[in-house]
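Reading the structure
What follows is each chain in one-letter form.
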Amino acid sequence: MVKFPSMKDKNLELSGKVVLLREDMNVPIDESGLITDDSRIQEALTTIRYLVQKGARTVVMTHIGRPGGKVVENLRTEAVATRLSILLKHEVKALRGYVGSEVEDAVKRMKDGEILFLENLRFQPGEEANDDDFARKLAALGNFYVNDAFAVSHRANASVAAITEHIPSYAGLLLEKEIKVLAAALEKPKRPFIVILGGAKVSDKIGLIRNLASKADKILIGGAMMFTFYKSRGFDVAASKFEPDKVSAADDLLNEFGDKIMLPVDVVVAEKFANDSRVEVVVAAEIPKGWMGLDIGPDTVERFRREISEAQTIIWNGPLGVFEFSSFAGGTFAVANAVASMTGKATTVIGGGDTLSAVEKAGLKGKFSHSSTGGGAMLEFLEGKELPGVVALTSSMP
Ligand code: AMP
């Protein structure tokens, strides 16, 4: 099990201390500046409430979107700070910077229990470059650093990795929970342990499938990546999406772990990539010329349901079809329902932006043992990779 210093450490006196708290509040914001989903702000509340209750002076940091090292008006943290303030019922002051005398003065004036919010870290090129100078300046603002941003811990960014070289650093409650749940599932899963993988690309999941195949009892595969596997077995996938340069990797996986990998037996195919397309259900090996597979078929759903109903540990990442179109959401929603119905009887862990949004669309938000805030971070952790943000904590100063 990964060990890192925890902010709940009894010897850590937080009262009167300035705590730099890195959260991932990278929420979607529409053109009018409105936050369309505040789940990531809500997930951070437990840690922030804990710090406030302990009398810490909390300085929240996050990135939003991909401003690429320059100021983008629509991506300021102000809207996020306001939403946080409403959810907490506690004043949260948003600043327009992160370093410099104005910020230093504002931090110096803080009283116990107060909360400040720094500007979008990615307005500063040093953030994504893991720049040590930027990290040192951030660190100089506080007494302690807390990383609670699991979803960005696979990135070596200044406020995630380099900062830990300059200030005593701890894991936040959310980060701890995320790692604990995933590590438990990976290291000592109750069996049967099944993993359900979907999404568009197999390329980002090859290492993951390899690592999980030695640990899980079954890996259920849907989404467009099934077609790369089919292609490797010589099937004609017609106009379905697949990755030509990953066919041989898919072939290797099937040769090595064929007894564990479950591919769909039937697919919902469409004449064109549109919700109002003509659709058919065909066996996987018989996709008509020019048609494309956009969802798993009903026989596959039944087989997947059976596996899910017998499992004790279930991890799911990636939609099984083009769930954004109602005509091809059936497989994803059926699997979502099947997994949710196991919560309580089995450990059910889901993650990935698309999976969470599919689950919300299906009216199943909150119906799982754990919904990870991390997509890429979750996949890399399950792949067995070390996350820079977590490694930085384990090797930092305290
Ligand atoms: P990823 O980013 O790899 O998790 O992929 C998520 C995307 O995969 C979603 O937007 C789905 O619409 C898409 N997807 C799932 N199944 C298919 C499919 N059979 N054909 C094309 N796209 C798909």
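Residues numbered from 1 in each chain as written. Predicted model: local features only at pLDDT ≥ 70, side-chain atom pairs only at ≥ 80, totals over all residues. Heavy atoms only, no water.

This next bit is on the sheet that holds strand 12 (residues 292–296). Reading across the sheet, the three strands line up as 11-10-12 and stay open at both edges, with antiparallel pairing between neighbours. Every other strand in the sheet has two partners, leaving strand 11 (279–283) and strand 12 as the edge strands with one partner each. Put simply, the sheet's adjacent strands are angled 40 degrees from each other on average, direction ignored. As judged from the four bridges shared by strand 10 (residues 266–270) and strand 12, these two strands associate in the antiparallel manner. Its bridge partner lying in strand 12, Val267 is registered against Ile296. (Pairing = 2+ DSSP bridges. Helix = DSSP H or I, 4+ residues; strand = E, 2+ residues; numbered from the N terminus. Axes fitted to C-alpha atoms, helices over the stretch in contact; angles between N-to-C directions.)

Take the site of the ligand next. Looking at the ligand, there are 15 residues lining it, with Ala200, Gly293, Gly321, Glu324 and Asp354 nearest. Here a nitrogen atom of the ligand sits 3.0 Å away from a polar atom, N or O, in the main chain of Gly293. Within the side chain of Glu324, a nitrogen or oxygen atom sits 2.5 Å from an oxygen atom of the ligand. Taken by itself the ligand offers 510 Å² of open surface, and the protein chains cover 82% of this. In the shell around the ligand, the residues fall into six nonpolar, four polar and five charged. (Near = heavy atom within 4 Å. Polar contact = N/O pair within 3.5 Å; in protein donor to acceptor, adjacent residues only side chain to side chain. Areas by Shrake-Rupley, 256 points an atom, 1.4 Å probe, with all protein chains shown as cover. Nonpolar A, V, L, I, M, F, W, Y, C, P; charged D, E, K, R; others polar.)

Turning to the sheet that holds strand 3 (residues 93–94), a few remarks are in order. Backbone hydrogen bonds hold the strands of a sheet together, and the pairing may be parallel or antiparallel. Spatially, six strands are ordered 3-4-2-1-5-6 in an open sheet, and the strand pairing comes out parallel. Both edges of this open sheet fall to strand 3 and strand 6 (169–171), since each of them pairs with a single strand only. Taken together, the three bridges between strand 5 (residues 144–147) and strand 6 define a ladder with parallel strand orientation. Across the sheet, the residue bridging to Val146 is Tyr170, located in strand 6.

What follows concerns the domain arrangement of the protein chain. Under the domain assignment, the protein chain is made up of domain 1 (18–176) and domain 2 (189–383). A straight line from the C-alpha centre of domain 1 to that of domain 2 covers 34 Å. Taken together, the eight residues of domain 1 in the interface contact ten residues of domain 2. Across the domain 1/domain 2 interface, buried area totals approximately 720 Å², and carbon plus sulfur atoms make up 58% of it. Here domain 1 and domain 2 share two residue pairs in polar contact (both at pLDDT 80 or more) between them. The element that contributes the greatest number of residues to the side of domain 1 that touches domain 2 is helix 1 (residues 39–53), accounting for three residues. Considered class by class, the residues forming the side of domain 1 that touches domain 2 number three nonpolar, two polar and three charged. (Domains from an automatic or database assignment. Contact = heavy atoms within 4.5 Å. Buried area = accessible area lost by both parts, 1.4 Å probe.)

Put simply, helix 10 (residues 298–310) and helix 11 (residues 330–340) touch, their axes get as near as 10 Å, and they point 15 degrees apart. Classed by the angle they form, the pair helix 10 and helix 11 counts as roughly parallel. Of the two elements, helix 10 crosses helix 11, and the hand of that crossing is right-handed. Of the residues in helix 11, those touching helix 10 at Val301, Phe304, Arg305 and Ile308 are Gly331, Ala334, Val335, Ala338 and Val339. By residue class, the composition of the contact of helix 10 with helix 11 is seven nonpolar, one polar and one charged. (Parallel < 35°, antiparallel > 145°, perpendicular 65-115°, else oblique. Left-handed = near helix turned anticlockwise from the far one by under 90°.)

With respect to the element layout, His154 can be found in the loop between strand 5 and strand 6. We classify His154 as buried; its relative accessible area is 12%. Among the polar contacts listed, one links the side chain of His154 to the backbone oxygen of Ala151, at a separation of 3.5 Å. (Buried < 20%, exposed > 50% of the residue type's maximum accessible area, 1.4 Å probe, protein only.)

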